[in-house]
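Single-letter residue listing:
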Amino acid sequence: MRRRIDMTEVEAATKIRAKYLRALENEEWDLLPGPTFVKTFLRTYAEFLDLDPRLLVEEYRQRYERPSSQDLTPFGPGLGGQRRRRRQRPRRNWGPAIVVFLGIVVLLAALYGLSLLGGGEEDANPPVATVTPRPTATPAKQRRRRRPPAPTRAALRLTATATVYVCLENASGKAVLDGVTLARGRRSPTFRSKRFRANFGNGGVRMRVNGHTYAAARSSDPIGYEIRPTGRPRRLSERARVQLCRT
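Residues numbered from 1 in each chain as written. Predicted model: local features only at pLDDT ≥ 70, side-chain atom pairs only at ≥ 80, totals over all residues. Heavy atoms only, no water.

1. Quick look at the side chain of Glu169
So, point 1. Mapped onto the fold, Glu169 is located in strand S2 (residues 164–169).
So, point 2. Setting aside its immediate chain neighbours within four residues, Glu169 contacts Lys174, Ala175, Val176, Arg195, Phe196, Arg197, Leu244 and Cys245. (Helix = DSSP H or I, 4+ residues; strand = E, 2+ residues; numbered from the N terminus. Contact = heavy atoms within 4.5 Å.)

This is the structure in structure tokens:
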């Protein structure tokens, strides 16, 4: 009241309800929840007013708080009473615990002995190791993939890379192209035979044999080839080339 502090201001600062603050001021302890709350509120309120909270709490404790059963010190004849109380404590009966402990020790010893006996029998009759034979290695020849059989017939198609004269005979000597001129970029039909012999007016031609492409040698003069199902086309001699397409 001297500091002209309103109770609502104290309530907002200490978070203590105004009715509890008025009860503290008027020492109406029955309006408070209990002694613990009273001492807590006293400390908080005293700290807000810059007072010593210990003096207020101690005064309340001595004047109004009843001593608890823990604070009461029983009267007795000093150390003698303590000795008598120690003698009056019931002694623990260790008999059953000792019997159980001895039983566990005997059981463990028996199990250990059985394990030793079992180990001796296992050592006397060791298990026979089973050897699994390794699978026989497959010979290298069997592991290799079988190659497809070599073709016995040649599938031939000609493509002109320049205007070229073509004379082509099959294995029976029949002229399948008898003096035909192919313009640049033109293709011949696909012919099939065991072998072919060709006479080209120049080297401006490509030969596709069973999926493989071979270019004729660059030449402005006539050139001849023998074409088989496998391998590169083989150059013909001048005499063999001149004899083509004469029948």
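2. A look at helix H2 (residues 18–26)
So, point 1. The set of residues buried in H2 consists of Ala18, Tyr20, Leu21, Ala23 and Leu24.
So, point 2. Once H2 finishes, Glu27 follows within two positions and takes phi at roughly 60°, a positive value. (Buried < 20%, exposed > 50% of the residue type's maximum accessible area, 1.4 Å probe, protein only.)

3. Comments concerning a nonpolar patch on the surface
So, point 1. A cluster of nonpolar side chains, contributed by Val100, Ile104, Leu107, Leu108, Leu111 and Leu114, occupies part of the molecular surface with about 600 Å² of accessible area.
So, point 2. Leu108 sits in the exposed class, given a relative accessible area of 54%. (Patch = residues over 30% accessible without salt bridge, like charges linked within 9 Å, V, L, I, M, F, W, Y side chains within 5 Å. Areas by Shrake-Rupley, 256 points an atom, 1.4 Å probe, with all protein chains shown as cover. Salt bridge = Lys/Arg side-chain N within 4 Å of Asp/Glu carboxyl O.)

4. A closer look at the packing of H2 against helix H3 (residues 35–48)
So, point 1. At a minimum axis separation of 11 Å, H2 and H3 run at an interaxial angle of 90°. Taken together, the axes of H2 and H3 are roughly perpendicular relative to one another. In this structure, H2 uses Tyr20, Leu21, Leu24 and Glu25 to contact H3, whose residues at the interface are Val38, Phe41, Leu42 and Tyr45.
So, point 2. Tallied by class, the residues present in the contact of H2 with H3 amount to seven nonpolar, no polar and one charged. (Axes fitted to C-alpha atoms, helices over the stretch in contact; angles between N-to-C directions. Parallel < 35°, antiparallel > 145°, perpendicular 65-115°, else oblique. Nonpolar A, V, L, I, M, F, W, Y, C, P; charged D, E, K, R; others polar.)

5. Notes on unusual backbone geometry
So, point 1. Of note, Lys15 is a non-glycine position whose phi angle comes to about 65°, a positive value.
So, point 2. Positive phi, close to 50°, is recorded for Asn210, a residue that is not glycine.
So, point 3. When you line up the elements, Asn210 lands in the loop between strand S6 (205–209) and strand S7 (212–215).
So, point 4. Overall, Asn210 belongs to the partly exposed group, its relative accessible area being 27%.

6. Structural notes on the confidence of the model for the protein chain
So, point 1. This prediction gives the protein chain a mean pLDDT of 80; 78% of its residues lie at or above 70.
So, point 2. Mean pLDDT values over the elements of the protein chain span from 53, in helix H5 (residues 79–88), up to 95, in S6.
So, point 3. Here residues 74–80 is a poorly scored stretch, pLDDT under 50, and it has one contact once near neighbours within four places are set aside; other chains count. (pLDDT = per-residue confidence, 0-100.)

7. As for the sheet that holds S6
Working definition: the strands of a sheet are paired by backbone hydrogen bonds and lie parallel or antiparallel to each other.
So, point 1. Strand order in this open sheet of four strands is S4-S1-S6-S7, and the pairing throughout is antiparallel. In this open sheet, the two strands that pair with only one neighbour each are strand S4 (191–193) and S7. This sheet shows a mean twist of 30° between the axes of neighbouring strands, independent of strand direction.
So, point 2. As paired elements, strand S1 (residues 154–160) and S6 share five bridges and run antiparallel to each other. Residue pairing in the sheet places Thr159 in a bridge with Arg206 of S6. (Pairing = 2+ DSSP bridges.)

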